Amino acid sequence: MKIAIGNDHAAVELKFIIKEHLEAKGHEVLNVGANTTESVDYPAIGENVGRMVASGEAEIGVLICGTGVGISIAANKVKGVRACVCSEPYTAKLSKMHNNSNIIAFGARVVGSEMAKMIVDTWMETEYEGGRHQRRVDLLDAIEG
Ligand code: RB5
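Note that the coordinates shown come from a computational prediction; the quantities given were computed from them, not determined experimentally.

What counts and how
- Residues numbered from 1 in each chain as written.
- Predicted model: local features only at pLDDT ≥ 70, side-chain atom pairs only at ≥ 80, totals over all residues.
- Heavy atoms only, no water.
- Pairing = 2+ DSSP bridges.
- Helix = DSSP H or I, 4+ residues; strand = E, 2+ residues; numbered from the N terminus.
- Axes fitted to C-alpha atoms, helices over the stretch in contact; angles between N-to-C directions.
- Salt bridge = Lys/Arg side-chain N within 4 Å of Asp/Glu carboxyl O.
- Buried < 20%, exposed > 50% of the residue type's maximum accessible area, 1.4 Å probe, protein only.

Turning our eyes to something else, we now look at the sheet that holds strand E1 (residues 2-7). The parallel open sheet is built from five strands, whose spatial order is E2-E1-E3-E5-E4. Of all the strands in the sheet, the pair left with one neighbour each is strand E2 (28-31) and strand E4 (83-85). Taking the axes of each pair of neighbouring strands and ignoring which way they run, one obtains an average angle of 20° across the sheet. Here five bridges tie E1 to strand E3 (residues 60-65), and the two strands are oriented parallel to one another.

This is the structure:
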C-alpha cells in the first residue's frame, strides 16, 4: 500500500519507528513530516497528508503529533478525509469498520511505540463494513458540501 505519513517535532522518533514498521511489511511510505525536532507548525503537515489521501496520491495516511489532535483537525478540513485520533486498537478498529477512516492519528506523548504499532496494524487489517454505515458516512460527506 502507498501510505502518507506526517508528523510534527513532537513525534519525529515515533514517526521513524512507524515508517520502518510499515516498510518492513512491504508498504511504500511517503514521509512528508518533520525529520528533526526543530519546532514546526502541524496544520500544514496535516493538510498535506489530507490532500494526498483525498487525491489518491496515497491510499491511506498516518498522522502523529504530541496528542494526535491538532494534526488530525487539520487533515479533517480537507474534503473527503476522515481522520480519527486513536489511543488504543479498539477505537482504531471501529473507526475503520463504522466510519471508514482513511487517516489514523495518535499522539507521541500519549502512546508508546508498541501501542502505536498495534493501533496501525489493527486499523490496516480491518475492513470497512459498509451497509448501514454507508448512509452515515454519506451524511458526513454531505456536511462538507
Ligand atoms: C506541539 O507542542 C503540540 O502542540 C502538537 O504536537 C500537538 O499535540 C497539537 O495538537
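Tallied over the full model, the rule gives five salt bridges. Linking Asp 121 and Lys 25 is a salt bridge whose minimum nitrogen-to-oxygen distance equals 3.9 Å. Of this pair, Asp 121 sits in helix H5 (residues 113-125) while Lys 25 sits in the loop between helix H1 (12-24) and E2, and the two are 96 residues apart along the sequence. In this structure, the salt-bridge partner of Glu 47 is Arg 51, at a minimum N-O distance of 2.8 Å. Here Glu 47 pairs with Arg 51, and both are found in helix H2 (residues 42-55), just four residues apart, close to one helical turn. Accessibility expressed as a relative area gives 33% for Glu 47, which makes it partly exposed.

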